[in-house]
Amino acid sequence: MTTRTGTRQSGSADSDTGASPDEPSRTGRPADRLRYLWLGLGTGLSLFAINGRWDIPLAAWLFSILLLRFSRTSRVAAGVGLVWLAGVGASMFFLWHVAVPLTGMTALGGVAFGTVLTLPYLADRLLAPRLGAAGSLLLFPMVLAACEFLLGVFGPFGTAYGLLADTQHANTALLQAISLTGPYAIGFLIGALATVVNHVWERPLSWRAVRVFAAYAIVLGAVIVGGSARLAFFPVPTAQTVRIAGINPSRAALDAQMRALGRPGFDPMAVPRFDPATVPVESAAVIDGLFDDTRRAAQAGAKIVVWSENAARISASQEPAFLADAQAIARQEQVYLDVAANVYLPNPPYGRDETHLIAPDGTVMWTYQKSHPIPGLETYTPGNGKVPVVNTPYGRIANVICYDADFPAMMHTDADIMLVPGGDWPQFGRLHTQMSSLRAIENGYSLVRQDFNGWSAAYDYHGQPISTQNTTVDHGPWIVDVPTRGTTTIYRLTGDVFAWLCLAGSLVLICIATIRRFSTTLSPASVQQ
């Protein structure tokens, strides 16, 4: 008959149950009587690191340190469970304070975000003690980067929430690294800081612990110094620029159109269900205003004119005449005209969200449909996901629509200038445009986001703003001179190699920890005959 002894080998901690509140942790980590203070502070800081209006960049580097401390010094169920509640609470706070309409889909998305972004804490709590110093330092940041990547590539919400790199959009020196690795490396660095600090926190001060922190500081310093050097010694060429104009529809004209069509007012998210035959008469004033502003922009020297998302709202039967008028304007003014329209259909899905680029000779160079309608808010049929690119005297020009730019993998495009017609709302527009600046750094092109009811901006391929405009109020054409030459980045060429390595590394470490757990459980030292 075999009986288990009451003792265990060092390193075979029962991390499934954790420590009692007042006793040393059986993972080898001391219990922390202040752990609920760390939970509260970490949760509070996380609310300022969610890609929101009130983000504090430093909060993104601090909150995971404290939440990791809490989960490591608490029982598994309580520790990881409360971290999960904090994560779901932060995602719901994000939805509330940026005024995302709360639907079943967006609420489910908030819970999903909180759940996926809790997985790094669960993996660390259960498996890190079995991996030794190096493995325990790498597991959390690897799983964090892998989770961000999986959300960004396979999730319906892309990187609109959950990407820690977005919180650092103003730190262009740090962000130059994403031209090599993609945006998920920033999450890795933030996660690594959490494990390094906790590594030192859990041990008496020693030279070995200091060396771990110093090694991390050297890596982070190299990233920032390298980014600063790129900004200082490899500036964006500005000898050749092209004047681009951004055009928004008149807010008053849109309101009048929607009221005449039986809507209470303009709703940028709405795909109305009414008789498309009534649209042409009521849309005339809006379209006339857009064409008038296009002429004004051309007279101001613009060579490329881009309208905001859904600027013209037309019926399918009206579209041929609308495009013929746009072609005539492009020929008359000798501009590249990127018109954006919501085309109303008589049957579901009731609308198409599309753009058409018209050359100075009147040729329609692309017709592009939005590839990522916002889940739960937009019912458009998605486009094919192929980013259109054309050669012009002003470089290679490409185009996506608004939310498409929240999917980094889609934005790997060999272009010099990326046009992004957008349509947002005041609480979210500025944030959404700032997020798009990361795509410029990653892929080496200038990015011009013309946003209705939010914030328009042009960025060079270093992610530095060239010009901005608050579009929550009516303006005339927004004019900006944009470099016509992009650059080739390693990330655009290699894609998400870094993220895939993090995902593979996570799986390897999880397998090693799992094997060690079972081998320890079944070893002769743990069983007496």
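Everything here concerns the structure above.
Residues numbered from 1 in each chain as written. Predicted model: local features only at pLDDT ≥ 70, side-chain atom pairs only at ≥ 80, totals over all residues. Heavy atoms only, no water.

1. Details of the overall build of the protein chain
- Along its length, the protein chain carries 16 helices and 15 strands.
- Taking all 529 residues of the protein chain together, the buried fraction comes to 57%.
- A separation threshold of at least 6 residues defines the contact pool for the protein chain, and within that pool the share at least 24 residues apart is 69%. (Helix = DSSP H or I, 4+ residues; strand = E, 2+ residues; numbered from the N terminus. Buried < 20%, exposed > 50% of the residue type's maximum accessible area, 1.4 Å probe, protein only. Contact = heavy atoms within 4.5 Å.)

2. What to know about a nonpolar patch on the surface
- A contiguous nonpolar surface patch, about 620 Å² in accessible area, is contributed by F48, W54, I56, L58, L62 and W96.
- Here I56 shows up in the loop between α1 (35-46) and α2 (57-72). (Patch = residues over 30% accessible without salt bridge, like charges linked within 9 Å, V, L, I, M, F, W, Y side chains within 5 Å. Areas by Shrake-Rupley, 256 points an atom, 1.4 Å probe, with all protein chains shown as cover. Salt bridge = Lys/Arg side-chain N within 4 Å of Asp/Glu carboxyl O.)

3. Let's talk about unusual backbone geometry
- Of note in this structure, N310 is not a glycine but carries a positive phi near 60°.
- Mapped onto the elements, N310 comes out in the loop between β3 (304-307) and β4 (312-315).
- Here the phi dihedral of N453 falls at roughly 65°; this positive angle occurs in a residue that is not glycine.
- Looking at the secondary structure, you find N453 in the loop between β11 (446-452) and β12 (455-459).
- Exposure remark for N453: the relative accessible area of 11% places this residue in the buried category.

4. Some words on the sheet that holds β12
- The sheet built from six strands is open, its strands ordered β8-β9-β10-β11-β12-β13 with mixed pairing. Each edge of the sheet is formed by a strand with only one pairing partner; in this case those strands are β8 (389-392) and β13 (465-470). On average, adjacent strands in this sheet sit at an angle of 15° to one another, irrespective of strand direction.
- Sheet topology note: the strand β10 (residues 417-423)/β11 ladder contains seven bridges and is parallel. Counterpart to L419 in the pairing with β11 is V448. (Pairing = 2+ DSSP bridges. Axes fitted to C-alpha atoms, helices over the stretch in contact; angles between N-to-C directions.)

5. Focus: the packing of aromatic side chains
- Overall, the coordinates contain 19 aromatic pairs when judged by the stated rule.
- Look at W38 and W201: their rings are 5.2 Å apart centre to centre, the planes differ by 70°, and that puts the pair in the edge-to-face class. In this pair, W38 is assigned in helix α1 and W201 in helix α9 (residues 184-201), connecting sequence segments 163 residues apart.
- Classification of W38 as buried rests on a relative accessible area of 15%.
- W201 sits in the partly exposed class, given a relative accessible area of 31%.
- A centroid spacing of 5.8 Å and a plane angle of 40° characterise the contact between F93 and W96, whose relative ring orientation is tilted. With a gap of three residues between them, F93 and W96 both fall in helix α3 (residues 76-97), about one helical turn apart.
- Given the relative accessible area of 59%, W96 is considered exposed.
- Put simply, the rings of F94, F113, F157, Y161, W425 and F428 touch in pairs and so form one group of aromatic residues.
- The residue whose ring lies beneath R430 is W455, and the NZ or CZ to ring-centre distance is 4.1 Å. (Phe/Tyr/Trp six-rings, centres within 6.5 Å; stacked < 30°, edge-to-face > 60°. Lys NZ or Arg CZ within 6 Å of the ring centre and 35° of its normal.)

6. A few points about the side chain of N198
- Its location among the elements puts N198 in helix α9.
- A relative accessible area of 0% means that N198 is categorised as buried.
- Setting aside residues up to four positions removed in sequence, N198 forms contacts with I65, L68, R69 and R72.

7. Some details on the pairing of β4
- Along β4, one buried face is formed by A312 and I314 and the opposite face, lined by R313 and S315, is buried too.
- Inspection of the sheet shows β4 paired to strand β5 (residues 336-344) by four bridges, in the parallel sense. Pairing of I314 across the sheet is with V343, part of β5.
- For the crossover that starts at β4, traverses helix α13 (residues 319-333) and ends in the parallel β5, the hand is right-handed. (Right-handed = clockwise from strand over helix to strand, strands pointing away.)

8. Thoughts on empty space enclosed by the protein
- Counted by the stated rule, this structure contains five cavities of 30 Å³ or more.
- If you list the elements that add at least two residues to the lining of the largest cavity, you get α2, α3, α4 (104-116) and α6 (132-154).
- It is α3 that contributes the most residues to the lining of the largest cavity, four residues altogether.
- In the lining of the largest cavity, the residues fall into 15 nonpolar, eight polar and one charged.
- The volume enclosed by the second largest cavity comes to roughly 210 Å³.
- F94, V100, F157, A160 and I374 are the residues nearest the centre of the second largest cavity, which is lined by 17 residues in total.
- Looking at which element gives the most residues to the lining of the second largest cavity, the answer is α4, with four residues. (1 Å grid on protein atoms, 1.4 Å probe; cavity = no way out; pocket = protein on both sides within 12 Å on 5 of 7 lines; lining within 4 Å. Points joined across faces, edges and corners; volume = space filled by probe spheres on them. Nonpolar A, V, L, I, M, F, W, Y, C, P; charged D, E, K, R; others polar.)

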